[in-house]
Amino acid sequence: MAQFYLTTTLPYINSEPHLGFALEIVRADALARAHRLAGDNVFFNTGVDEHGLKVWRKAQGLGLETQAYCDKLAASFNDLKKLLDLSYDNFIRTTDQHHQAAAQEFWRRCLASGDIYKQHYSVKYCVGCEMEKTDSELENGHCPLHPDQDLELIDEENYFFRLSKYQNQLLKLYDSQPDFVVPANRLKEIRNFVANGLQDFSISRLVSKLPWGVAVPDDPEQVMYVWFDALVNYISAIGWPDKPEKFNQWWPAVQIAGKDNLRPQALMWQAMLMSAGLPASRQIFIDGFITAGGQKMSKSLGNVISPVELVEKFGADVVRYYLLAEINDRDDGDYTDERFMEVYQADLANGLGNLFSRLGNLAWKNGLNPLAPKIGQLYTKVIQSVENWQFNQAVGYIWQVYRQIDKKLTEQQPWKLETAAAQKSLQPLVEDLVDAAYCLQIFLPTTAKTILNFFSQPITGKPKPLFPRFDQFNNNFKK
RNA sequence: CGCGGGGUAGAGCAGUUGGCAGCUCGCCAGGCCCAUAACCUGGAGGUCGUCGGUUCGAAUCCGACCCCCGCAACCA
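No experiment lies behind these values; they were computed from the predicted model shown.

### Some remarks on the side chain of D229
Working step 1: Relative to the helices and strands, D229 resides in helix α8 (residues 226-230).
Working step 2: Buried and unpaired, D229 has no salt bridge, with R93 as the nearest side chain of opposite charge at 11 Å.
Working step 3: A distance of 2.9 Å separates a polar atom in the side chain of D229 from a polar atom in the side chain of H99.
Working step 4: Beyond its immediate sequence surroundings of up to four residues, D229 is in contact with H51, T94, H99, A103, V214 and M224.

Next comes the structure, spelled out in structure tokens:
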């Protein structure tokens, strides 16, 4: 039995869950389910990243204890499990004691490797934005959003990580493993970036400036900045460092991350692992972004789509279907209400939903015997596609089968036949539907279970609609 | 000469290694009536951003240009 360790990135909890993260975790969930179905032993990790200035400020703004705020938001992220029907095994929080201890131990290892050093760190800071600004972000030496205000120059001592030391090792890693980052163009992107030279990066902040973080070992004035804290979750989640047998059972991980996370995951984290003397990740899959009507989702544009609201309106499987089948798995994808409804109506209501009604009804009327799913060619194709992160294709294979069944049903017209002949005609069609439902478990677990249950026992009545037409609950869908 | 992704039928998109241009929705016509006014068949509709090149043959390779969208290293 193969061991398969899969982890998402940890979303930052300065705001409610984003549709982009829903995409990431639903894809991860599909992959985890595919591996379980194939008989692998799976550990699926997710969680939340809770430290940092933004979280601290957010809590202050709400008049909450920081930890209380974190507890609240962590719970709202963990709610996604039920909402989106996710199957993860572990939900890690970076405020977990165990994780903090692991982050500190990781720091010590890198320090022992000579890769952590202290240095002056100077940065321009926009008081208006309350954010650090790089020169490339400035216009005429001022923040473009607050041109009237002078930038503050912050000059402090921080710890740095010697990233520059790992350029060659990183290149070697990329070259030795052509599928280390998927899609391939992302590997190319990160390789080019590394080949152009690397600069060390700062990995701590003054406690006085960032009061909410993991303490730097043996330096009460500094806390870790995000990298040495959050990234370490991938190994602290599986027992590093105090449970080596568990760690060795699972590591290295397959990781999934948004394209904004290419560098942290495929570059910084890998170099950090090298420094700590640990094996590199197994593979990193990079998601595109979801745009809303072709534009980037942003609060200022007011076009942010909430995954929670979508699920509350349509249910987990509908949202999962849109994310897995419709959002391009190699590039950015788009969301519009119109497209969402179109996909719902065409593929789910008129497609699978109606087919299930047709076949279920005919099977009931003709007293078809119970059927169990078989593993066939479809299964092989679907599993293979999912393992290659080709979710669109995998779901497409299943829908091809549905179209086939609809077509055969129309051709054979079993409703005109007498019982024995009808049964003979229906049997292979229901078999196809049930076999496809077996594969569908990976993507739409609830729907698949309904279909499998219906045909696995003596049929006692008409099937209930899987996906009602929009006309019938149109008023539920409002902008 | 900063980096990357795009520009294919009215709309949304597929088109791995160059070989008659596809899918879904919408539209038109027919069929069916088991089913969620659903399903099936056929049809109309495209100078594949522009210009040039390579080739027997290019949406696909090469070059130039135009337009759109992200990102521009500590902003998770």
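From this point, the discussion proceeds with the structure in view.
### Some words on the sheet that holds strand β14 (residues 295-296)
Working step 1: Spatial strand order, β14-β13-β15: 3 strands in an open sheet with mixed pairing. Both edges of this open sheet fall to β14 and β15 (333-335), since each of them pairs with a single strand only.
Working step 2: Examined bridge by bridge, strand β13 (residues 290-292) and β14 share 2 bridges and lie antiparallel to one another. Within β14, the position partnered with T291 by the bridge is K296.

### Points about empty space enclosed by the protein
Working step 1: In the structure shown here, the tally under the stated rule is 1 cavity of 30 Å³ or more.
Working step 2: Lining the largest cavity we find F21, I25, T46, G47, F77, L80, L86, Y88 and F91.
Working step 3: If you list the elements that add at least two residues to the lining of the largest cavity, you get α1 (19-37) and β2 (41-48).
Working step 4: Here the residues of the lining of the largest cavity sort into 7 nonpolar, 2 polar and no charged.

### What about the packing of helix α7 (residues 184-195) against helix α11 (residues 262-276)?
Working step 1: At a closest axis distance of 11 Å, the pairing of α7 and α11 adopts a crossing angle of 60 degrees. Between α7 and α11, the angle falls in the class oblique. Viewed along their axes, α7 and α11 form a crossing whose handedness is right-handed. Across the interface between the two elements, R186, E189, I190, F193 and V194 of α7 pack against L262, R263, A266 and L267 of α11.

### As for the packing of aromatic side chains
Working step 1: Per the stated rule, a full pass over the model turns up 36 aromatic pairs.
Working step 2: Consider the rings of Y117 and F160, whose centres lie 6.0 Å apart with planes at 25 degrees: the pair is stacked. Here Y117 is found in strand β4 (residues 116-126), whereas its partner F160 is found in strand β6 (residues 152-161), with 43 residues between them in sequence. Just as Y117 is buried, F160 falls in that class too.
Working step 3: Between Y379 and Y438, the aromatic rings sit 6.0 Å apart at their centres with planes inclined by 45 degrees, giving tilted as the arrangement.

### Overview of the packing of helix α15 (residues 377-387) against helix α17 (residues 419-440)
Working step 1: As a packed pair, α15 and α17 sit with axes 9 Å apart at the nearest point and diverge in direction by 20 degrees. If you check the angle between α15 and α17, you find them roughly parallel. Seen from above, α15 lies across α17 with right-handed handedness. Taking contact as the criterion, the partners of L378, Y379 and V382 in α15 are, on α17, D435, A436, Y438 and C439.

### Structural notes on the pattern of salt bridges
Working step 1: A complete count under the given rule lists 20 salt bridges for this structure.
Working step 2: The closest approach of N and O atoms between D89 and R36, which form a salt bridge, is 3.8 Å. Separated by 53 residues along the polypeptide, D89 in the loop between α4 (80-83) and β3 (90-93) and R36 in helix α1 bring together distant segments of the chain.
Working step 3: The shortest N-O distance in the salt bridge between D71 and R93 comes to 2.7 Å. One end of the pair, D71, is in helix α3 (residues 66-78); the other, R93, is in strand β3, with 22 residues separating them in the sequence.
Working step 4: In this structure D71 comes out as partly exposed when scored by relative accessible area, which is 36%.

### Looking at a positive patch on the surface
Working step 1: Together, K54, K58, K72 and K299 line one region of the surface with positive charge.
Working step 2: Mapped onto the secondary structure, K299 falls in the loop between β14 and α12 (307-314).

### What about helix α16 (residues 391-412)?
Working step 1: In this model α16 runs 32 Å from its N-terminal to its C-terminal C-alpha over 22 residues, within 8% of the 32 Å that 1.5 Å per residue would give.
Working step 2: When we look at burial in α16, the residues that qualify are F391, A394, V395, Y397, I398, W399, V401, Y402, I405, D406 and L409.
Working step 3: Each element contacted by the buried residues of α16 is listed here: α1, α13 (316-326), α14 (337-365), α15 and α17.
Working step 4: Phi turns positive, to about 45 degrees, at Q413, one or two residues after α16.

### Some words on the sheet that holds strand β11 (residues 254-258)
Each strand in a sheet pairs with another by means of backbone hydrogen bonds, the pair being arranged parallel or else antiparallel.
Working step 1: Within the open sheet, the 6 strands sit side by side as β3-β2-β1-β11-β12-β7. Their pairing is parallel. With partners counted over all chains shown, the strands left at the sheet margins are β3 and β7 (181-182), one partner each.

### Observations regarding the protein's contact with RNA strand B
Working step 1: Inspection of the region around RNA strand B gives 45 residues, with K54, K296, N328, N354 and R469 positioned closest.
Working step 2: When atoms of RNA strand B within 4 Å of the protein are sorted by moiety, sugar and phosphate together comprise 72%.
Working step 3: N354 places a side-chain nitrogen or oxygen 2.6 Å from a sugar or linking oxygen of RNA strand B.
Working step 4: Between RNA strand B and the protein, one listed contact pairs a sugar or linking oxygen with a side-chain N or O atom of N361 at 3.4 Å.
Working step 5: Sorting the residues of the surface near RNA strand B by element identifies α7, α8, α14 and α16 as the ones contributing at least two each.
Working step 6: Considering each element in turn, the surface near RNA strand B owes the most residues, 12 residues, to α14.

### Observations regarding the confidence of the model for chain A
Working step 1: Per-residue confidence for chain A gives a mean pLDDT of 89, with 92% of residues at or over 70.
Working step 2: Contacts from residues 473-479, a stretch scored under 50 in pLDDT, to residues over four places away or in other chains number 13 contacts.
Working step 3: We note a pTM of 0.93 for the whole complex and an ipTM of 0.90 for its interfaces.

Basis of the calculations
- Residues numbered from 1 in each chain as written.
- Chains lettered and ligands numbered in written order.
- Predicted model: local features only at pLDDT ≥ 70, side-chain atom pairs only at ≥ 80, totals over all residues.
- Heavy atoms only, no water.
- Helix = DSSP H or I, 4+ residues; strand = E, 2+ residues; numbered from the N terminus.
- Buried < 20%, exposed > 50% of the residue type's maximum accessible area, 1.4 Å probe, protein only.
- Lys, Arg positive; Asp, Glu negative; His and termini not counted.
- Salt bridge = Lys/Arg side-chain N within 4 Å of Asp/Glu carboxyl O.
- Polar contact = N/O pair within 3.5 Å; in protein donor to acceptor, adjacent residues only side chain to side chain.
- Contact = heavy atoms within 4.5 Å.
- Pairing = 2+ DSSP bridges.
- 1 Å grid on protein atoms, 1.4 Å probe; cavity = no way out; pocket = protein on both sides within 12 Å on 5 of 7 lines; lining within 4 Å.
- Points joined across faces, edges and corners; volume = space filled by probe spheres on them.
- Nonpolar A, V, L, I, M, F, W, Y, C, P; charged D, E, K, R; others polar.
- Axes fitted to C-alpha atoms, helices over the stretch in contact; angles between N-to-C directions.
- Parallel < 35°, antiparallel > 145°, perpendicular 65-115°, else oblique.
- Left-handed = near helix turned anticlockwise from the far one by under 90°.
- Phe/Tyr/Trp six-rings, centres within 6.5 Å; stacked < 30°, edge-to-face > 60°.
- Patch = residues over 30% accessible without salt bridge, like charges linked within 9 Å, V, L, I, M, F, W, Y side chains within 5 Å.
- Areas by Shrake-Rupley, 256 points an atom, 1.4 Å probe, with all protein chains shown as cover.
- Charge placed at Lys NZ, Arg CZ, Asp CG, Glu CD.
- Expected span 1.5 Å × (residues − 1).
- Near = heavy atom within 4 Å.
- pLDDT = per-residue confidence, 0-100.

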